[in-house]
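One-letter residues, chain by chain:
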Amino acid sequence: MDERCIHDLVVQQCVDCAPVPEGLVRFVYITAGGEVFHRSSACKALEEGQEYALSVGMDTHPRRRVALAEATAEGRGACAYCFWDYIPR
Ligand SMILES: [Zn+2]
Ligand SMILES: [Zn+2]
């Protein structure tokens, strides 16, 4: 049985209660077209990705600030550029 938080959610899935792994932050930035999450909306890798998308005629997507739990629930990984010191376990 998974541990439940005060919001009656599985702790790992609760935006407010899920523990933030060392090296990550509680709120991250994503774009609908990307596969990773970013520490900052001004991430250089994020900008370059959007420039690249534009250069090949792809649509770009607005940056959204979401909870880390939401981003990881979508299967996103940490951006290697902004979370260079984060080692997934
Ligand atoms: Zn909770
Ligand atoms: Zn990034």
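My aim in this report is to walk through the structure given alongside it, one point at a time. Fair warning: this is a prediction, and the values are worked out from it, not measured in the lab.

1. Some thoughts on helix α1 (residues 44-55)
Right, so step 1: In a regular helix each residue adds 1.5 Å, so twelve residues correspond to 16 Å; α1 covers 16 Å between its end C-alpha atoms and thus fits that length.
Right, so step 2: Among the residues of α1, Leu46, Gln50 and Ala53 are the ones counted as buried. Down the axis of α1, the smallest arc covering the buried residues is 60°, so these residues share one side. Turned more than 90 degrees from where α1 packs its buried face, Glu51, Tyr52 and Ser55 sit exposed.

2. Considerations on the layout of surface pockets
Right, so step 1: Roughly 270 Å³ of volume is contained in the largest pocket.
Right, so step 2: Around the largest pocket, the lining is made up of 16 residues, and of these Thr31, Gly33, Gly34, Gly49 and Gln50 lie nearest the centre.
Right, so step 3: The biggest single contributor to the lining of the largest pocket is α1, with five residues.
Right, so step 4: Residues that form the lining of the largest pocket fall into these classes: six nonpolar, eight polar and two charged.
Right, so step 5: Counted as a void, the second largest pocket has a volume near 210 Å³.
Right, so step 6: Around the second largest pocket, the lining is made up of 15 residues, and of these Pro19, Pro21, Leu68, Ala69 and Thr72 lie nearest the centre.

3. Digging into the pattern of salt bridges
Pairing between side chains of opposite charge can happen when their charged atoms approach one another.
Right, so step 1: Considering all chains together, one arrives at five salt bridges under this definition.
Right, so step 2: Of the charged contacts in the structure, one is a salt bridge between Asp8 and Arg4, with a shortest N-O distance of 3.9 Å.
Right, so step 3: Where Glu74 meets Arg76, a salt bridge forms, and the shortest distance between an N and an O atom there is 2.8 Å.
Right, so step 4: Given a relative accessible area of 45%, Glu74 falls into the partly exposed group.
Right, so step 5: With relative accessibility at 10%, the residue Arg76 sits in the buried group.

4. What to know about the coordination of the zinc ion (ligand 1)
Right, so step 1: The protein atoms that coordinate the zinc ion (ligand 1) are Cys5 (SG), His7 (ND1), Cys14 (SG) and Cys17 (SG), at distances spanning 1.9 to 2.3 Å.
Right, so step 2: Coordination geometry of the zinc ion (ligand 1): the four donor atoms subtend angles of 105 to 113° at the metal centre, consistent with an arrangement described as tetrahedral.
Right, so step 3: Counting gaps between the donor residues of the zinc ion (ligand 1) yields the pattern C-x1-H-x6-C-x2-C.
Right, so step 4: Classification of Cys14 as buried rests on a relative accessible area of 1%.

5. Quick word on the coordination of the zinc ion (ligand 2)
Right, so step 1: Bound to the zinc ion (ligand 2) are the protein donor atoms His38 (ND1), Cys43 (SG), Cys79 (SG) and Cys82 (SG), situated 2.0 to 2.3 Å from the metal.
Right, so step 2: Each of the four donor atoms around the zinc ion (ligand 2) contributes to a set of angles spanning 104 to 119°, which defines the coordination as tetrahedral.
Right, so step 3: For the zinc ion (ligand 2), all donor residues lie on one chain, and their spacing in sequence is H-x4-C-x35-C-x2-C. Of this pair, His38 sits in the loop between β2 (36-37) and α1 while Cys79 is found in the segment after β4 (77-78), placing the two residues 41 residues apart along the sequence.
Right, so step 4: You can call His38 buried: its relative accessible area is 6%.
Right, so step 5: Of the residues examined, Cys79 reaches a relative accessible area of 5% and is grouped as buried.

Rules of the game
- Residues numbered from 1 in each chain as written.
- Chains lettered and ligands numbered in written order.
- Predicted model: local features only at pLDDT ≥ 70, side-chain atom pairs only at ≥ 80, totals over all residues.
- Heavy atoms only, no water.
- Helix = DSSP H or I, 4+ residues; strand = E, 2+ residues; numbered from the N terminus.
- Expected span 1.5 Å × (residues − 1).
- Buried < 20%, exposed > 50% of the residue type's maximum accessible area, 1.4 Å probe, protein only.
- Arc of directions from axis to C-beta.
- 1 Å grid on protein atoms, 1.4 Å probe; cavity = no way out; pocket = protein on both sides within 12 Å on 5 of 7 lines; lining within 4 Å.
- Points joined across faces, edges and corners; volume = space filled by probe spheres on them.
- Nonpolar A, V, L, I, M, F, W, Y, C, P; charged D, E, K, R; others polar.
- Salt bridge = Lys/Arg side-chain N within 4 Å of Asp/Glu carboxyl O.
- Donors = N, O, S within 2.8 Å, 3.2 Å for Na, K, Ca; no water.
- Tetrahedral: all angles 85-135°; square planar, octahedral: opposite > 155°, others 65-115°.

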